[in-house]
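# Structural features, examined
Chain by chain, the residues:
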Amino acid sequence: MSGLSCGLVGLPNVGKSTLFNALTKNQASASNYPFCTIDPNIGIVEVYDPRLEKLSALSKSAKLIYAAMQFTDIAGLVKGASEGEGLGNQFLANIRETDAILHVVRCFEDDDIIHVEGKIDPIGDIEVINLELILADLQMTQNSVAKLEKQVRGKKELQATLDVMKKVEEHLNENQPVRALELSPEEQEAIKMYNFITEKPVIYAANISEDDIETMSNQFVKQVEEYAQKEGSQVIPICAKLEHELAQLSDEEANEYLQTLGLPEKGLNRMIKVCFSTLNLITYLTTGEVETRAWTIHKGATAPEAAGKIHTDLQKGFIRAEVIKYDDFIACGSRGAAKEAGKARMEGKEYIVQDGDVVLFFHN
């Protein structure tokens, strides 16, 4: 699951668990990636892609396998968590392992659901959590700096890392996340192993009530959007309650319900797409009688790197790749017809794989 995990954070009663349950329920019936509980709070979710169904029908594939994404519900995040409040440090290990942070923010009013601070204040909520994450990184940085200062006497090559870590410490002390610190590529490389929580990209899931579904906005969502824009983060307005209801329905029933609400697709699908683009991920496709499948790679991956996702032997023995654009494959109706129409290209080791490329690898 490398490069594909999102940690859900949020204060109590913001709708985080409802959203997590919707995500994981939603995928419970998926044949190839059944929602599997690796841990009580980890779910693997399919990345729905309508292109696969069309390819699969043309290739008469026996199996259809979507790309997948891991979501971790990070519990115990409250004010003072970095000092051990709530579940305290237990959440820190979980969140350090993820690639991005999905921050669920309450943007609805409901007298029946008590807010921990007694009032709806999305920016205040965001800052409580962000501060806890900054404090957690600061604690780790201070411990690491103390260690490095001892080690550097015998290992002069650690000086560069120590210098950058001191720079990070100063920045965190100003209550700023690591992602807001400008570092050169060399400096980034020197501290890569430290896995700072506040270096990870953040997506804000603005949880709205069913009353706001039509516009997908309200005064609270606008506040979150303004805040996110300043730090270059994305915002997804989503109604966790609706997503949870949709997750209980069959695909057909869910689509009918969405149509009555005038919504083109589930909010969860929109959310997963944004997670993908935030993590700079794309998918290429393979198709045949055995299976039609989406493979996840980082944008900019070469053909041999993409082949390595299937098997390391394919990367080592890579000779060339036959590439057909998805639209050309569908228009022609088959691999053979696409070749005859001159739509299949042979690409070498330098080729940068594009989203939706239908690829066949040749290797020795």
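Fair warning: this is a prediction, and the values are worked out from it, not measured in the lab. (Residues numbered from 1 in each chain as written. Predicted model: local features only at pLDDT ≥ 70, side-chain atom pairs only at ≥ 80, totals over all residues. Heavy atoms only, no water.)

## A word on the overall build of the protein
Stated formally: Numbering of helices and strands runs from the N terminus, with a helix taken as a DSSP run of H or I at least four residues long and a strand as a DSSP run of E at least two residues long. Buried means the residue's accessible area, taken with a 1.4 Å probe over protein chains only, is under 20% of the maximum for its type, while exposed means over 50%, and partly exposed covers the values in between. In this analysis, two residues are considered to be in contact whenever any of their non-hydrogen atoms come within 4.5 Å of each other. The protein chains shown are the only cover counted for residues, whose accessible areas, like all others here, come from Shrake-Rupley with a 1.4 Å probe.
The helix and strand tally for the protein stands at 14 helices and twelve strands. Burial analysis of the protein (364 residues in total) assigns 50% to the buried set. Across the protein, every contact between residues at least 6 apart in sequence was considered, and the portion connecting residues at least 24 apart equals 68%. As presented, the protein carries roughly 18,100 Å² of accessible surface, and 48% of it is formed by carbon and sulfur atoms.

## Quick notes on the sheet that holds strand E4 (residues 67–73)
The condition is simple: By the convention used here, strands pair only if DSSP detects at least 2 bridges between them. Axes, fitted as lines to C-alpha atoms, cover a helix only where it is in contact. Angles between the N-to-C directions of the axes lie from 0 to 180 degrees.
Read from one edge of the open sheet, six strands run E2-E4-E1-E5-E6-E7, paired in mixed fashion. Either end of the sheet is taken by a strand with one partner, and the two such strands are strand E2 (42–47) and strand E7 (234–238). With strand direction ignored, the average angle separating the axes of adjacent strands in the sheet is 25 degrees. Direction of pairing for strand E1 (residues 5–9) relative to E4: parallel, over a ladder of four bridges. Looking at the pairing, Gly7 lines up with Thr72 of E4. Sheet strands in contact with helix H4 (residues 122–151) are E1, strand E5 (100–106) and strand E6 (202–207), and its direction is about 145 degrees off that of E5.

## Description of the pattern of salt bridges
To be explicit about the condition: Should a side-chain nitrogen of Lys or Arg be within 4 Å of a carboxyl oxygen of Asp or Glu, the pair is scored as a salt bridge.
Across all of its chains, the model carries 13 salt bridges by this definition. Taking the shortest distance from any N to any O, the salt bridge between Glu149 and Lys166 comes out at 3.3 Å. One end of the pair, Glu149, is in helix H4; the other, Lys166, is in helix H5 (residues 159–173), and 17 residues separate them in sequence. Look at Glu149 and you get partly exposed, because its relative accessible area is 33%. What makes Lys166 partly exposed here is its relative accessible area of 39%. Taken together, the shared-partner salt bridges in this structure form one network comprising Asp49, Arg51 and Asp355.

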